[in-house]
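# Notes for the structure review
Residues per chain are reported as follows:
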Amino acid sequence: MADVWITIAALIVTSMMIRASGPLLVGGREIPPRFSGVIDLLGPALLTALIVNETLGGDGSIELNASIAGVAAAGA
């Protein structure tokens, strides 16, 4: 049981270090406009990828079911 809590604590510390590294490395510097445009488009692209993956099946096969019609209706 103690091994589980040690693993969880290590993951928490690692996650905090990764999250803090961005603001520490970038600081108050301006992001170039070229990269800013890419960052702006990254969120919608990731959301679309997640929706397609969950709708069409994540195990490498395409499942045709009612969720495809629901996503098509929401897109329209």
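Our structure is the block above this text.
This report concerns the structure included in the present document. (Residues numbered from 1 in each chain as written. Predicted model: local features only at pLDDT ≥ 70, side-chain atom pairs only at ≥ 80, totals over all residues. Heavy atoms only, no water.)

## What about the overall build of the chain?
Condition: Helix and strand assignments follow DSSP, with helices taken as H or I runs no shorter than four residues and strands as E runs no shorter than two, numbered in order from the N terminus. In this setup the radius of gyration rests on C-alpha atoms only. A globule is expected at 2.2 Å times the number of residues raised to 0.38. Only protein chains enter the accessibility calculation, which uses a 1.4 Å probe; a residue is then buried when its area is under 20% of its type maximum, exposed when over 50%, and partly exposed in between. For every accessible area listed, the method is Shrake-Rupley and the probe measures 1.4 Å; residues are considered covered only by the protein chains on display.
Assigned secondary structure in the chain consists of three helices and zero strands. Mapped from its N terminus to its C terminus, the chain presents α and β elements in the order α-α-α. What you see for the chain is a C-alpha radius of gyration of 20 Å, clearly larger than the 11 Å of a compact globule of 76 residues, by over 25%. By principal-axis analysis of the C-alpha atoms, the chain measures approximately 50 × 45 × 20 Å. Taken across its 76 residues, the chain has 1% of its residues classed as buried. Surface accessibility of the chain: about 6,700 Å² in total, with carbon and sulfur atoms responsible for 72%.

## Some remarks on helix α2 (residues 33–56)
So the rule is basically this: An expected span of 1.5 Å times one less than the residue number is assigned to each helix. Here the bend at a residue is taken as the angle between two axes, fitted respectively to the seven residues that end there and the seven that start there.
Between the first and last C-alpha of α2 there are 35 Å, a value that for 24 residues agrees with the 34 Å anticipated at 1.5 Å per step. The sharpest bend along α2 reaches about 30° and sits at Leu 42, with the proline Pro 44 one to four residues further on.

## Focus on the environment of Pro 32
When you line up the elements, Pro 32 lands in the loop between α1 (2–26) and α2. Given a relative accessible area of 39%, Pro 32 falls into the partly exposed group. For Pro 32 and Ala 69, which are 37 residues apart along the polypeptide, the C-alpha to C-alpha distance reads 41 Å.

## Digging into α1
Compared with an ideal rise of 1.5 Å per residue, which puts 25 residues at 36 Å, α1 spans 37 Å between its outermost C-alpha atoms and is within 8% of the ideal. Helix geometry: α1 is bent most strongly at Ala 20, by close to 30°, with proline Pro 23 lying one to four residues after it. A positive phi of about 60° marks Gly 27, the residue just after α1.

## As for a nonpolar patch on the surface
Let me state the cut-off plainly: Like-charged residues are merged into a patch within 9 Å and nonpolar side chains (Val, Leu, Ile, Met, Phe, Trp, Tyr) within 5 Å, provided each residue has over 30% relative accessible area and no salt bridge. One speaks of a salt bridge when a side-chain nitrogen belonging to Lys or Arg is within 4 Å of a carboxyl oxygen belonging to Asp or Glu.
Taken together, the side chains of Met 1, Val 4, Trp 5, Ile 8, Ile 12 and Met 16 define a hydrophobic patch exposed on the protein surface, amounting to about 690 Å² of accessible area. Judged by relative accessible area, which is 53%, Trp 5 ranks as exposed.

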